[in-house]
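Secondary and tertiary structure notes
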Amino acid sequence: MSISKRDEYWYEQALMLARSSICKFTHGAIIVHKGKPIAYGVNIPCFRSVREFTSGVPRDIHAENRRRRNETTHAEVRALLNSPRGKLEGSILYSARFTKRNTEGPSCPCISCKQIIFAAARYPGKGIKAVVYFDGIDLVKVSPEELYYG
Ligand SMILES: [Zn+2]
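Structure report, in brief. (Residues numbered from 1 in each chain as written. Predicted model: local features only at pLDDT ≥ 70, side-chain atom pairs only at ≥ 80, totals over all residues.)

Attention shifts here to the nonpolar core. Ala14, Ile30, Ala79, Leu93, Tyr94 and Ile117 are the most contacted members of the largest nonpolar core, which has 34 residues in total. Elements supplying a minimum of two residues to this core: α1 (5-18), β1 (26-33), β2 (36-42), α4 (75-82), β5 (92-98), α5 (111-122) and β6 (130-134). It is α1 that contributes the most residues to this core, six residues altogether. Residues within four places of Ala79 in sequence aside, it is in contact with Ala29, Ile30, Ile31, Ala39, Tyr40, Gly41 and Leu93. (Core = buried A, V, L, I, M, F, W, Y, C linked by C-beta atoms within 7 Å. Buried ≥ 20, exposed ≤ 12 C-beta atoms within 10 Å, placed from the backbone. Helix = DSSP H or I, 4+ residues; strand = E, 2+ residues; numbered from the N terminus. Contact = placed C-beta atoms within 7 Å.)

With that out of the way, let us pick up the sheet that holds strand β7 (residues 139-142). The sheet built from five strands is open, its strands ordered β2-β1-β5-β6-β7 with mixed pairing. Sheet topology places β2 and β7 at the edges, where each strand pairs with a single neighbour. Ignoring which end each strand starts from, the neighbouring axes of this sheet average 20 degrees apart. Sheet contacts for α1: β1, β2, β5, β6 and β7; angle to β1, the most-contacted strand, approximately 140 degrees. (Pairing = 2+ DSSP bridges. Axes fitted to C-alpha atoms, helices over the stretch in contact; angles between N-to-C directions.)

A few words on unusual backbone geometry. Where the residue is not glycine, phi is negative for most of them; where a peptide bond is considered, it is trans in most cases. In this model, Lys34 sits at a positive phi of 50 degrees, which is unusual for a non-glycine residue. The phi dihedral of Asn102 is positive, around 70 degrees, even though this residue is not glycine. Note on placement: Asn102 falls in the loop between β5 and α5.

Note: β1 against β2, six bridges, orientation antiparallel. Across the sheet, residue Val32 finds its bridge partner in β2, namely Pro37.

Another point: the packing of α4 against α5. At a minimum axis separation of 9 Å, α4 and α5 run at an interaxial angle of 25 degrees. The orientation of α4 with respect to α5, classified from their angle, is roughly parallel. Viewed along their axes, α4 and α5 form a crossing whose handedness is left-handed. On the side of α4, the interface is formed by Glu76, Val77 and Leu80, while α5 contributes Cys113, Ile116, Ile117 and Ala120. Taken together, the residues of the contact of α4 with α5 sort by class into six nonpolar, no polar and one charged. (Parallel < 35°, antiparallel > 145°, perpendicular 65-115°, else oblique. Left-handed = near helix turned anticlockwise from the far one by under 90°. Nonpolar A, V, L, I, M, F, W, Y, C, P; charged D, E, K, R; others polar.)

Below, the structure written as structure tokens:
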């Protein structure tokens, strides 16, 4: 699938969103439906509850996160969990990431997220039609099937 100006725009928004993650590798995801964002997600340490993040970040979270930095709930999953029921049909998921050097990094969803996106795409009333990510050189737009099997 070809990348449009809108795709570039929403990818940039996902990149900006990634800035709000407190993890070492910051990852952002936005789901856009009919030109409007319907769900956002950033990666969060999975050992902390969402409630703690909405009520302010605990002081020791960075130290804890450094210790357990690999244990995060990924941005794509957060966005899917935040999406309104029955509204995903035909939507596009944008995935963006910064590296620990604070540069734009490849943001292809990991194997777990690929499986979850693929499963969500097949679920009745769900149906993400495309995923956009940065492959390290260009933006790439693929169907959930291509993402999963590719
Ligand atoms: Zn993932």
